[in-house]
Amino acid sequence: MVYWLFLVSCGIAIFAALMAITRLNASHALIYLVITLLALAVVFFLLGAPFAAALQIVIYAGAIVVLFLFVVMMLNLGRRSVERERQWLLPGIWVIPSILAGGLFIVLGIALIGAENQAMIEGEMIGPRRVGAAMIGPYVLGVELAGILLLAGLVGAYHLGRRYLDERRER
Amino acid sequence: MDMLWIVPVLPLAGFLILCVTEGKLPKVVVACIGAGSVGLSAVVATLVGWEFVASGSTSYSQVLWTWMVVGDFDVSVSLYLDYLALVMVGVITGVGFLIHLYATGYMWEEEGYSRFFAYMNLFVFAMLLLVLGDSLLLLFLGWEGVGLCSYLLIGFFHKDPENGYAARKAFVVTRVGDTALILGLFLLFRELGTLDIQQSLEGARTAWPEGSTMNTAIALLLLGGAIGKSAQAPLQTWLPDAMAGPTPVSALIHAATMVTAGVYLIARMQDLYLLSETATWCVAVVGLVTLFIASFTALMQSDIKRVLAFSTMSQIGYMFFALGVGAWSAAIFHLMTHAFFKALLFLASGSVILALHHEQDMFKMGGLWRKLPIPFWSMFIGSAALVALPLTSGFVSKDAILLTAAHSESFGMTFWAFAAGAAFMTSLYTVRMMYLTFFGETKTEPHDKSRANMWLPLLVLSALSIGGGWLGFTVLATLFGDKGVHFELHLKEFVAIATMCIPLLGVLVGYLIFATNVVDRKKISDSPFGKSVGRFWFVGWGFDWIYDTLVVKPFRWFARVNKSDAVDFVFRFTTLVARIFHNLLTVSQNGRLRWYALTMFSGLLFVLIVVALI
Amino acid sequence: MIDGAGAIPLEHVIWFAITLFLIGVVGILIRRNVIFILLSLELMMNAAAVVFIAAGAFHDQADGQVMFMFILALAAAEVAVALGLVVQLSRRFKTLDIDAVSEMTG
């Protein structure tokens with residue numbers, strides 16, 4: 001039952017991901033990305049990580065992708081941009097990336113098969129309590145560093161997002 | 001004696017102060033620092049010397065700190081004082097102080113007053129390091145230091161490119177000798193494993209038999225260094241050009257101290273030379289040849305400072321000669337007296353030059369003896385000492401050298417005859433110089449500008465030129481008694497009298513030639529033979545021409561031919577290869593993000609394949 | 001719903017992660033629009049997150065989820081900065097074409 005659920009989620013995720021990278025309209029692509037993320041949240045839950053699944057929905061799908069959507073709307077990408085995307089996305093452009101991805105897939109697959117690991121994930125729940133304990137336990141330094149990273153991201157985004165960054169200088 | 005380290009440190013302090021203040025101090029303060037540091041150093045040196053003599057020991061060494069340690073090779077910065085070093089220190093600080101004092105007046109109106117004294121103080125420091133250094137490495141440091149200061153001071157009036165040329169010439173020519181010296185040091189270190197002077201001499205005495213090849217080679221290489229520094233044949237050509245520097249510099253560096261460093265080096269490494277007859281013979285011959293060449297050349301010069309330069313050369317030739325024939329103490333003694341009277345001559349000529357508004361041509365002087373009494377009498381006394389008239393210091397020292405030469409078994413009368421002939425020539429050119437400068441008709445009106453700080457050194461040096469001989473001789477003879485040759489007066493009567501009479505004869509002949517019309521000078525100098533010989537002597541026996549033809553011109557030709565630098569091709573090939581790869585990589589650096597991503601993933605694929613295969 | 005016996009093979013999870021990751025790679029390589037490139041980056045990071053969580057579950061450790069937290073923080077910071085850049089890009093170049101900013105040639 002769990003395994004079947006897992007397979008279905010995987011299928012949805014992969015399908016949505018493929019759709020996301022091939023869409024011409026950025027808003028559509030982002031909706032597909034949300035679907036992928038939600039499917040991943042299910043996968044996380046099935047793997048016994050309910051807290052991660054919740055965060056995946058709340059932060060990833062809820063915050064990050066919404067941020068994307070804001071920007072896309074702010075930039076007001078209309079029909080013209082769809083037209084342009086169509087020109088950019090010619091069939092010929094697929095060849096080299098596909099060969100590369102196929103090569104990587106084969107090599108990684110060989111490595112994976114060669115390992116012959118028949119391990120099963122039992123799906124024991126690892127709840128927020130244990131995760132929180134680990135985060136303020138052995139990983140406390142990493143958490144602080146992540147905090148600094150977020151601060152740096154904040155400062156960077158603020159700096160880059162200033163509206164008249166160069167106009168003022170020109171004036 | 002613990003104060004020994006203060007002696008070199010004081011001039012160094014003076015140099016540093018003058019250096020960091022960048023000539024912003026008032027001239028009076030500069031003069032006080034410049035001359036005062038050397039003066040104080042002289043006082044301390046006197047105290048140390050007094051204590052040293054009173055203690056009755058033969059040597060004293062003071063270890064300051066360890067300079068460097070490489071494996072079991074360690075060099076400590078330590079000072080070594082014995083009688084030889086003491087004499088040198090006395091000359092450097094004493095005569096040095098007098099010259100500094102004189103220079104405070106002489107340089108008063110020149111640009112770069114502070115810079116001048118900074119260099120001079122640095123020079124005194126380096127020279128003291130040279131003579132006090134306990135290891136050959138420290139000696140070499142001082143040796144190069146004085147070379148540097150010599151370069152800086154010859155080119156002191158740097159606005160005239162000629163002076164810069166003279167400075168470069170001095171530097172390059174002495175560098176030839178320095179190369180020999182450093183090769184000698186390498187060889188010495190390889191053979192004996194130490195550069196400490198006393199240890200290496202001890203090692204040489206025990207390790208090598210008399211006349212061993214290695215010893216001779218080292219001694220000859222050291223002699224090469226000494227030749228370069230002391231302007232002996234065949235590396236003497238830089239000294240006359242070095243007269244481009246200010247006159248006090250000529251007095252201090254190119255007469256009294258630095259050029260005698262070679263003599264000091266050989267005297268310091270005495271034991272090496274005592275073991276090798278060949279090297280000793282070479283020293284004597286070098287001295288004799290220089291002595292001869294220089295005294296003939298001096299006879300034809302018109303520039304008063306060049307006369308003195310050639311005279312210096314020949315007097316140092318005497319010292320080398322003395323070292324070669326075994327008159328060690330006489331050589332050092334002559335070094336001391338020479339420092340007195342040659343410094344005196346230079347300073348007096350400096351006063352004359354200053355009074356004549358930097359006129360150095362003797363043919364434009366004349367009749368000055370009434371108008372410039374102090375320079376005249378100083379010059380007179382200095383000349384008397386130079387030609388070794390009896391009762392002067394020069395007489396005592398030169399007589400000692402000639403008599404030792406006459407008594408020396410291996411050299412004998414031939415060498416004596418040559419040296420005596422050169423002494424005769426010395427008299428001739430000195431008389432000529434004195435006559436042209438001070439007698440005859442007045443050609444240029446002098447303006448005596450000398451102050452007390454300029455004539456006081458002249459007086460003191462005059463006194464030393466006369467009395468220094470007697471004072472020094474008694475002291476030196478006892479002090480060097482254990483090492484040098486004794487001057488027992490069981491001489492052949494003839495030699496003794498002849499030696500005494502030759503200078504007098506020279507003066508007489510000179511007087512007849514230059515001051516009276518007994519000999520028709522014009523007739524001689526205008527005859528074809530006289531002309532060519534005179535020309536030959538004037539250019540210093542053509543050494544400059546020889547070097548120009550043998551070294552400078554071929555080098556220039558080679559430089560011109562090899563303008564594109566054949567050796568450089570190898571390196572250019574390297575740059576070519578680097579450039580090709582650079583261009584290849586530049587293509588990949590196209591700023592397209594997806595291209596970077598593609599290469600990155602290709603790299604990942606490649607690495608994974610490699611890992612999978614292994 | 002959660003019955004321990006219905007376990008998921010670790011290998012299959014990793015196959016899934018690889019597929020997702022490669023879809024992200026292809027997405028980066030084929031798209032010229034910056035928005036899509038960022039989107040593909042998110043896919044790749046999620047693929048990494050899947051592997052972390054699977055490994056954590058397999059070993060019955062919380063570390064995998066902690067790593068997921070870090071990925072989350074990283075993604076948040078990255079998206080904030082990158083979207084700032086996107087805004088600047090569209091302002092200055094009037095386009096979202098990533099090749100338009102290829103001025104950094106060596």
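The structure under discussion appears in the preceding block.
Throughout what follows, the structure given in this document is the object of discussion.

### Let's talk about the overall build of chain B
Item 1. Across its full length, chain B holds 25 helices and 2 strands.
Item 2. Across the 614 residues of chain B, 55% fall into the buried class.
Item 3. Considering only contacts within chain B whose residues lie at least 6 apart along the sequence, 81% involve residues at least 24 apart.
Item 4. When the accessible surface of chain B is summed, it comes to about 26,400 Å², and 70% of that surface belongs to carbon and sulfur atoms.

### Some remarks on the overall build of chain C
Item 1. Along its length, chain C carries 3 helices and 1 strand.
Item 2. Traced from its N-terminal end to its C-terminal end, chain C shows the element sequence β-α-α-α.
Item 3. When burial is assessed residue by residue, chain C has 64% of its 106 residues classed as buried.
Item 4. Counting contacts in chain C only where the partners sit at least 6 residues apart, residues at least 24 apart contribute 52% of the total.
Item 5. Just so you have it, chain C exposes about 3,500 Å², and 68% of that area is on carbon and sulfur atoms.

### Observations concerning the packing of helix H2 (residues 27-55) of chain B against helix H3 (residues 83-106) of chain B
Residue and element names in this part refer to chain B.
Item 1. Remark: H2 packs on H3, axes separated minimally by 9 Å, with the N-to-C direction vectors making an angle of 155°. On the basis of the axis angle, H2 is roughly antiparallel to H3. Pair H2 / H3 crosses with left-handed handedness. Touching Ala31, Gly34, Ala35, Val38, Gly39, Ser41, Ala42, Ala45, Gly49, Phe52 and Val53 of H2 are Tyr83, Leu86, Val89, Thr93, Gly94, Gly96, Phe97, His100, Leu101 and Thr104, all from H3.
Item 2. Along the lines of polarity and charge, the residues of the contact of H2 with H3 split into 12 nonpolar, 9 polar and no charged.

### A closer look at the packing of aromatic side chains
Residues and elements named next belong to chain B.
Item 1. Under the counting rule described, the total for this entry stands at 26 aromatic pairs over all chains.
Item 2. Between Phe116 and Phe156, the aromatic rings sit 5.3 Å apart at their centres with planes inclined by 75°, giving edge-to-face as the arrangement. A residue pair is termed long-range when its members are at least 10 positions apart, and Phe116 in helix H4 (residues 113-132) and Phe156 in the loop between helix H5 (136-154) and helix H6 (161-192) qualify at 40 residues. For the pair Phe116 and Phe156, a shared accessibility class is recorded, and that class is buried.
Item 3. Three or more aromatic residues joined by ring pairs make a cluster, and in this case those are Trp369, Phe376, Trp377, Phe380, Tyr435, Phe438 and Phe439.
Item 4. Above the face of the Tyr113 ring, Lys27 is positioned so that its terminal group lies 5.4 Å from the ring centre.

### Looking at the interface of chain A and chain B
Item 1. Listed per partner, the contact involves 7 residues of chain A and 8 residues of chain B.
Item 2. Around 630 Å² of area is buried between chain A and chain B when both sides are counted, 92% of it from carbon and sulfur atoms.
Item 3. Summed over the three residues of chain A that lose the most area to chain B, namely Leu100, Leu104 and Val107 of chain A, the buried surface amounts to 71% of that side.
Item 4. Across the chain A-chain B interface, the total number found is 0 salt bridges.
Item 5. For the interface between chain A and chain B, the tally reads 0 residue pairs in polar contact (both at pLDDT 80 or more).
Item 6. Its residues assigned to classes, the side of chain A that touches chain B shows 6 nonpolar, 1 polar and no charged.

### Points about the pairing of strand S2 (residues 73-82) of chain B
All names here are of chain B.
Item 1. Within S2, 8 of the 10 residues are buried, leaving the element largely enclosed by the surrounding structure.
Item 2. Pairing geometry for strand S1 (residues 59-70) and S2, over 10 bridges, is antiparallel. Note that in S2 the partner of Val70 across the bridge is Phe73.
Item 3. Hairpin connection from S1 to S2: 2 residues lie between these consecutive antiparallel strands, with Gly71 at a positive phi of about 60°.

### Points about the nonpolar core
Item 1. Counting 192 residues, the largest nonpolar core has Met269 and Tyr273 of chain B as the members making the most contacts within it.
Item 2. Among the elements that make up this core, the one with the highest residue count is helix H15 (residues 328-355) of chain B (20 residues).
Item 3. Non-local contacts of Met269 of chain B, meaning those with residues more than four positions away in its chain, are made with Leu136, Leu188, Ile197, Ser200, Leu201 and Leu222 of chain B.
Item 4. Judged by nonpolar contacts, the second largest core, of 96 residues, contains Cys10 and Ala101 of chain A together with Ala73 and Leu89 of chain C.

### Notes on the interface of chain C and chain A
Item 1. If you look at the interface, chain C gives 74 residues, while chain A gives 85 residues.
Item 2. Regarding the contact of chain C and chain A, the summed buried area is about 7,500 Å², with carbon and sulfur atoms giving 78% of it.
Item 3. Our count for the chain C to chain A interface comes out at 2 salt bridges.
Item 4. Summed over the shared surface of chain C and chain A, the number is 12 residue pairs in polar contact (both at pLDDT 80 or more).
Item 5. For the side of chain C that touches chain A, the secondary structure elements donating two or more residues are strand S1 (8-9), helix H1 (10-30), helix H2 (34-58) and helix H3 (63-93) of chain C.
Item 6. Here the side of chain C that touches chain A gets 25 residues from one element, more than from any other, and that element is H3 of chain C.
Item 7. The class makeup of the residues in the side of chain C that touches chain A is 49 nonpolar, 15 polar and 10 charged.

### Observations regarding a nonpolar patch on the surface
All names here are of chain B.
Item 1. Among the surface-exposed residues, Trp5, Val9, Leu64, Trp65, Trp67, Met68, Val70 and Leu141 lie close enough to one another that they form a single nonpolar patch of about 720 Å² accessible area.
Item 2. A per-element tally of the nonpolar patch places S1 first, with 5 residues.
Item 3. Residue placement: Trp67 occurs in strand S1.
Item 4. For Trp67, a relative accessible area of 33% corresponds to the partly exposed category.

### A closer look at the pattern of salt bridges
Residue and element names in this part refer to chain B.
Item 1. Within this structure, the stated rule accounts for 16 salt bridges over all chains.
Item 2. In this structure, Arg306 engages Asp241 in a salt bridge whose closest nitrogen and oxygen atoms are separated by 3.7 Å. Of the two residues, Arg306 is situated in helix H14 (residues 304-325) and Asp241 in helix H9 (residues 238-241); the sequence distance between them amounts to 65 residues.
Item 3. Exposure remark for Asp241: the relative accessible area of 21% places this residue in the partly exposed category.

### Details of the packing of H4 of chain B against helix H10 (residues 247-256) of chain B
Residue and element names in this part refer to chain B.
Item 1. One way to put it is that H4 packs onto H10 with a least axis distance of 12 Å and a crossing angle of 5°. Judged by the inter-axis angle, H4 sits roughly parallel to H10. Packed against H4, whose contacting residues are Phe116, Met120, Phe123 and Val124, the element H10 presents Pro248, Val249, Leu252 and Ile253 at the interface.
Item 2. Each residue belonging to the contact of H4 with H10 can be placed in one class, and the counts come to 8 nonpolar, no polar and no charged.

### Considerations on unusual backbone geometry
All names here are of chain B.
Item 1. In this structure, Pro234 follows Ala233 across a cis peptide bond, with omega equal to 5°.
Item 2. Among the secondary structure elements, Pro234 is positioned in the loop between helix H8 (213-229) and H9.
Item 3. One non-glycine residue, His357, lies in positive phi territory at about 60°.
Item 4. By the element assignment, His357 lies in the loop between H15 and helix H16 (373-387).
Item 5. Since its relative accessible area comes to 47%, His357 is described here as partly exposed.
Item 6. Positioned with a positive phi, Ala388 is a non-glycine residue whose angle comes to about 65°.
Item 7. Mapped onto the elements of the fold, Ala388 is located in the loop between H16 and helix H17 (393-407).

Cut-offs and rules
- Residues numbered from 1 in each chain as written.
- Chains lettered and ligands numbered in written order.
- Predicted model: local features only at pLDDT ≥ 70, side-chain atom pairs only at ≥ 80, totals over all residues.
- Heavy atoms only, no water.
- Helix = DSSP H or I, 4+ residues; strand = E, 2+ residues; numbered from the N terminus.
- Buried < 20%, exposed > 50% of the residue type's maximum accessible area, 1.4 Å probe, protein only.
- Contact = heavy atoms within 4.5 Å.
- Areas by Shrake-Rupley, 256 points an atom, 1.4 Å probe, with all protein chains shown as cover.
- Axes fitted to C-alpha atoms, helices over the stretch in contact; angles between N-to-C directions.
- Parallel < 35°, antiparallel > 145°, perpendicular 65-115°, else oblique.
- Left-handed = near helix turned anticlockwise from the far one by under 90°.
- Nonpolar A, V, L, I, M, F, W, Y, C, P; charged D, E, K, R; others polar.
- Phe/Tyr/Trp six-rings, centres within 6.5 Å; stacked < 30°, edge-to-face > 60°.
- Lys NZ or Arg CZ within 6 Å of the ring centre and 35° of its normal.
- Buried area = accessible area lost by both parts, 1.4 Å probe.
- Salt bridge = Lys/Arg side-chain N within 4 Å of Asp/Glu carboxyl O.
- Polar contact = N/O pair within 3.5 Å; in protein donor to acceptor, adjacent residues only side chain to side chain.
- Pairing = 2+ DSSP bridges.
- Core = buried A, V, L, I, M, F, W, Y, C linked by side-chain atoms within 4.5 Å.
- Patch = residues over 30% accessible without salt bridge, like charges linked within 9 Å, V, L, I, M, F, W, Y side chains within 5 Å.

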